[in-house]
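Descriptive structure summary
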Amino acid sequence: MKRVITYGTFDLLHYGHINLLRRAKALGDYLVVALSTDEFNWNAKQKKCYFSYEKRKQLLEAIRYVDLVIPEESWEQKKTDIKEYHIDTFVIGDDWAGKFDFLKESCEVVYLPRTPEVSTTQIKKDLENK
Ligand code: C2G
C-alpha cells in the first residue's frame, strides 16, 4: 500500500485542486490531505478563508481521491506526519517547487504542474468585478 500526502488550504474548491488531488492519488493507493486550519492560514499564510476548516474538510472528504483529512497547524509538522502516517510520497503543486526538498530524506518528493488558469484569488477577483 503506497501512501501519499499533500497539504493545502483548498478554499473555494475548484478543478485545479481536483486535478492535483487526482494526480496525487494516482501516485499511490491512499491519499492523506493535510488541510490548513483557519488559524494556520491566517497566521502563516495571511489567507482569510471563505469556508471554515470544517466546511473545507467536509468538501475534501467527499472527493473520491481523498482517503483521510488531517489538520495542518504548522509548517514544521510535515516530517512528523510522514512518520506517523507511514507516507511514501509527499506531493504538492510546482508553485512550491524546491521548497520541500528537505523531506527527501523521509520520502519521495513530487511537485506537480499547477492548473494554470484557475485560482481562488482569481475567482474572488472575477466575482468582485461582476
Ligand atoms: N493547485 C493547483 N492548481 C491550481 C491551484 C492550486 O495545482 N490552479 C494546487 C496547489 O499547488 C496545492 C494545492 O492545489 O498543491 C492546494 O492549493 P492551495 O489551497 O492554494 O494550497 P497552499 O495555500 O499553496 O498551501 O504547507 C503547504 C501549504 O499548506 C500549501
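Preceding block: the structure.
Residue indices begin from 1 for each chain and proceed along its sequence in written order. Note on the predicted model: pLDDT of at least 70 is required for a residue's local features to be given, and 80 or more for side-chain atom pairs to be given and counted; whole-chain, interface and lining totals, by contrast, use all residues. Hydrogens are left out, water is left out, and the side-chain values use all remaining heavy atoms of the structure.

Digging into a nonpolar patch on the surface
- Patch members must show over 30% relative accessible area and no salt bridge, and they are joined within 9 Å when carrying like charges or within 5 Å when they are nonpolar side chains of Val, Leu, Ile, Met, Phe, Trp or Tyr. Areas reported as accessible are Shrake-Rupley estimates using a 1.4 Å probe. Residue values count occlusion only from the protein chains shown. Basic side-chain nitrogens of Lys or Arg form a salt bridge, by our definition, when they fall within 4 Å of a carboxyl oxygen of Asp or Glu. Taken together, Tyr-50, Phe-51 and Leu-59 make up a surface patch of nonpolar side chains, about 300 Å² in accessible area.
- In this fold, Phe-51 is placed in the loop between helix 2 (38-45) and helix 3 (53-61). Strands here are runs of E lasting at least two residues and helices are runs of H or I lasting at least four, both read from the DSSP assignment and numbered beginning at the N terminus.

Describing the site of the ligand
- Close contacts around the ligand come from 21 residues, with Lys-47, Glu-72, Asp-95, Thr-115 and Val-118 the closest.
- Pairing of N or O atoms within 3.5 Å defines a polar contact, subject to two protein rules: one partner must be a possible hydrogen donor and the other a possible acceptor, and residues neighboring in sequence count only if both atoms are side-chain atoms. The contact in question runs from an oxygen atom of the ligand to an N or O atom on the side chain of Lys-47, over 2.5 Å.
- Elements with a contribution of two residues or more to the shell around the ligand: strand 1 (3-8), helix 1 (15-25) and strand 4 (89-93).
- In terms of residue count, the dominant contributor to the shell around the ligand is helix 1 (three residues).
- Here the nonpolar group is Ala, Val, Leu, Ile, Met, Phe, Trp, Tyr, Cys and Pro; Asp, Glu, Lys and Arg are the charged ones; every other residue, Gly included, is treated as polar. For the shell around the ligand, the per-class residue count stands at seven nonpolar, eight polar and six charged. Any residue with a non-hydrogen atom lying within 4 Å of a molecule or strand is treated as near it.

Notes on the pattern of salt bridges
- Under the definition given, this model contains eight salt bridges.
- Between Asp-67 and Lys-25 there is a salt bridge; the shortest N-O distance is 3.0 Å. Of this pair, Asp-67 sits in the loop between helix 3 and strand 3 (68-72) while Lys-25 sits in helix 1, and the two are 42 residues apart along the sequence.
- Accessibility expressed as a relative area gives 35% for Asp-67, which makes it partly exposed.
- Here Glu-105 makes a salt bridge to Lys-79, at a shortest N to O gap of 2.5 Å. You can see Glu-105 sitting in the loop between strand 4 and strand 5 (108-112) and its partner Lys-79 sitting in helix 4 (residues 78-84), a full 26 residues away along the chain.
- Only protein chains enter the accessibility calculation, which uses a 1.4 Å probe; a residue is then buried when its area is under 20% of its type maximum, exposed when over 50%, and partly exposed in between. Exposure remark for Glu-105: the relative accessible area of 64% places this residue in the exposed category.
- Classification of Lys-79 by relative accessible area gives partly exposed; the value is 28%.

A word on the sheet that holds strand 3
- Strand order in this open sheet of five strands is 3-2-1-4-5, and the pairing throughout is parallel. Bordering the open sheet on either side are strand 3 and strand 5, each of which pairs with just one other strand. Taken pair by pair, the neighbouring strands of this sheet meet at an average axis angle of 25°, ignoring direction.
- Strand pairing is assigned whenever DSSP detects at least two bridges linking the two strands. Alignment of strand 1 against strand 2 (residues 30-36), held across six bridges, turns out to be parallel. Bridged to Tyr-7 within strand 2 is Ala-34.
- By definition in these notes, contact holds between two residues if any of their heavy atoms fall within 4.5 Å. Axis definition: a line fitted to C-alpha atoms, limited for helices to the stretch in contact. Angles are taken between N-to-C directions and run from 0 to 180 degrees. Running over the sheet, helix 2 touches strand 1, strand 2 and strand 3 and is turned about 65° from strand 2.
- The strands touched by helix 3 within the sheet are strand 2 and strand 3, with strand 2 carrying the most contacts at an inclination of about 165°.

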